[in-house]
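Residue strings, one per chain:
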Amino acid sequence: MMPDLPLRSSPATTDGAADSVGSALRTFLKRHDADTETLREIIAAYVQNARERGWPPERVLVQVKTIVEREVAPSSRDWSDKRALPAQIVSWTVDAYFRAD
């Protein structure tokens, strides 16, 4: 279960849920055999939690992008295109936010 998200005005919050996303992303970036589906599920859970708390889609997207920028930039993983993963995560975020349950 994802921790509740704090309702703060700053998109760069560091709460348990954001830390979970950051941790999953760090693990993914360090392991060449990491499971993208697990990363996607963690991001989806974070997004669902934010939506349930009343966060608008643009706030959720800014928060996820902030987490991604913080974790991908210092990554030592050899990416042929460092833009591919963030673009995929943005897509997952939008899908999760607007998914019909």
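Refer to the structure above for everything that follows.
Not measured: the values here are computed from a predicted model.

Novice: Any chance you could explain the overall build of the protein chain here in plain terms?
Specialist: The helix and strand tally for the protein chain stands at four helices and zero strands. For the protein chain, the α and β elements follow one another from N to C terminus as α-α-α-α. Counting every position in the protein chain, which comprises 101 residues, the buried fraction comes to 38%. Excluding contacts between residues fewer than 6 apart, the proportion of contacts in the protein chain whose partners are at least 24 apart in sequence is 70%.

Novice: Can you walk me through the packing of aromatic side chains in this structure?
Specialist: Two descriptors summarise a pair of aromatic rings, namely the distance from one centre to the other and the angle between the planes of the rings. The final tally for this structure, using the stated rule, is one aromatic pair. It is R51 that lies over the ring of Y97; its NZ or CZ is 6.0 Å from the centre. Over the face of the ring belonging to W55 we find R59, whose NZ or CZ atom lies 4.0 Å from the ring centre.

Novice: Before we go on, may I ask you to explain the pattern of salt bridges in this structure?
Specialist: It is possible for side chains of opposite charge to pair when their charged atoms get near one another. By the definition in use, this model includes one salt bridge. D95 is the salt-bridge partner of R40, the closest N and O atoms lying 3.8 Å from each other. Placement of the pair is R40 in helix α2 (residues 36-52) and D95 in helix α4 (residues 84-98), with a sequence separation of 55 residues.

Novice: Before we go on, may I ask you to explain the nonpolar core in this structure?
Specialist: What tends to happen in soluble globular proteins is that the nonpolar side chains get buried as a cluster. In this structure, L25, L39, Y46, L85 and I89 are the most contacted members of the largest nonpolar core, which totals 24 residues. Residue assignment for this core shows that the elements contributing at least two residues are α1 (16-30), α2, α3 (57-72) and α4. Sort the elements by how many residues they give to this core and α1 lands first, with seven residues. Each residue touching L39, except ones within four places of it in the same chain, is listed here: A24, L25, F28, L85, I89 and W92.

Novice: Help me understand α1 in this model?
Specialist: Each α-helix winds once per 3.6 residues, and so residues spaced three or four apart point in a common direction. With 15 residues, α1 ought to run about 21 Å at 1.5 Å a step, and its terminal C-alpha atoms sit 21 Å apart, in line with that. When α1 is considered as a whole, its buried residues turn out to be A17, A18, V21, G22, A24, L25, F28 and L29. With its buried residues spanning 160 degrees around the axis, α1 presents them on a single face.

About the thresholds
- Residues numbered from 1 in each chain as written.
- Predicted model: local features only at pLDDT ≥ 70, side-chain atom pairs only at ≥ 80, totals over all residues.
- Heavy atoms only, no water.
- Helix = DSSP H or I, 4+ residues; strand = E, 2+ residues; numbered from the N terminus.
- Buried < 20%, exposed > 50% of the residue type's maximum accessible area, 1.4 Å probe, protein only.
- Contact = heavy atoms within 4.5 Å.
- Phe/Tyr/Trp six-rings, centres within 6.5 Å; stacked < 30°, edge-to-face > 60°.
- Lys NZ or Arg CZ within 6 Å of the ring centre and 35° of its normal.
- Salt bridge = Lys/Arg side-chain N within 4 Å of Asp/Glu carboxyl O.
- Core = buried A, V, L, I, M, F, W, Y, C linked by side-chain atoms within 4.5 Å.
- Expected span 1.5 Å × (residues − 1).
- Arc of directions from axis to C-beta.

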